[in-house]
Amino acid sequence: MDSQEIRKQLEMTLQEQYLYLKQKYGAVLENYFMDVNCTRKSTKNGRGNEGLFVHHDYEYDPANPLVNNLSKPEMAKQFDYMYQHAENLTYCNYLEHLIIHIKINLLRKEQLGHYINDALVNFMIPELNDWYRYLVQLKPWQEVAFGLIEENYSDYCDLIEYWLKKLDVQGFEWKKFTTRRNTR
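All figures in this text were calculated on a predicted structure; none of them were measured in a lab.

Definitions and limits used
- Residues numbered from 1 in each chain as written.
- Predicted model: local features only at pLDDT ≥ 70, side-chain atom pairs only at ≥ 80, totals over all residues.
- Heavy atoms only, no water.
- Helix = DSSP H or I, 4+ residues; strand = E, 2+ residues; numbered from the N terminus.
- Rg over C-alpha atoms; globule rule 2.2 N^0.38 Å.
- Salt bridge = Lys/Arg side-chain N within 4 Å of Asp/Glu carboxyl O.
- Buried < 20%, exposed > 50% of the residue type's maximum accessible area, 1.4 Å probe, protein only.
- Contact = heavy atoms within 4.5 Å.

Participant: What is the right way to read the overall build of the chain from this model?
Facilitator: Within the chain one finds seven helices and two strands. Secondary structure of the chain in N-to-C order comes out as α-α-β-α-β-α-α-α-α. On C-alpha atoms alone, the chain measures out to a radius of gyration of 16 Å, which is about the 16 Å that the 2.2 N^0.38 rule sets for 184 residues. Principal-axis analysis of the C-alpha atoms gives the chain an extent of 45 × 40 × 30 Å.

Participant: Where do I start with the pattern of salt bridges in this structure?
Facilitator: In a structure, side chains of opposite charge can pair up when their charged atoms sit close to one another. Considering all chains together, one arrives at six salt bridges under this definition. Ionic pairing is found between aspartate 57 and lysine 22, a salt bridge with its closest N-O pair at 3.0 Å. With aspartate 57 in the loop between strand S1 (53–56) and helix H3 (73–76) and lysine 22 in helix H2 (residues 14–25), the pair connects residues that are 35 residues apart, well separated along the chain. Here lysine 24 makes a salt bridge to glutamate 96, at a shortest N to O gap of 2.7 Å. One end of the pair, lysine 24, is in helix H2; the other, glutamate 96, is in helix H4 (residues 94–112), with 72 residues separating them in the sequence. Under the relative-accessibility criterion, lysine 24 is labelled partly exposed at 34%.

Participant: For this particular structure, what's the right way to read the environment of aspartate 35?
Facilitator: With respect to the element layout, aspartate 35 can be found in the loop between H2 and S1. Separated by 46 residues in the primary sequence, aspartate 35 and tyrosine 81 place their C-alpha atoms 8.4 Å from one another. What aspartate 35 contacts, discounting residues up to four positions off in sequence, is Arg40 and Tyr81.

This is the structure:
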């Protein structure tokens, strides 16, 4: 992925980034869950073979900043079904997904006045750290997803440092935990 494109997306508002990504990758074909009880997931939306994720645009809803984990049925059915509609979904690669979640995390902090531990810390950063350190055997779809961003390790580090700076976290040398190995 081009480093300039990463910086360009980081400078966009969340809504601008969604529009940009929808133009870049096209529209999602179906609702994420096919029923209001969130028991049947779409089989037409997967683009893992291209290294892309489906992101729920309403993972940040200004009217309800606690919305999260909309891909988990037990969470999704607690919120308005419109969050699952195809027009409220966006394709992205992993670094683009990371940028989206950095923005969501910062918007929540601004709105609520405090940091909320979410997917960014609990899932995305640990997984990307493992991928970049070559600590795990990747599944075939993960190989494709990582292939899109493998050469962007320094961009990944810059994104995390940007996020920590915006949160005003000081003195945490997180890079020492992500020293990249050169073996694969």
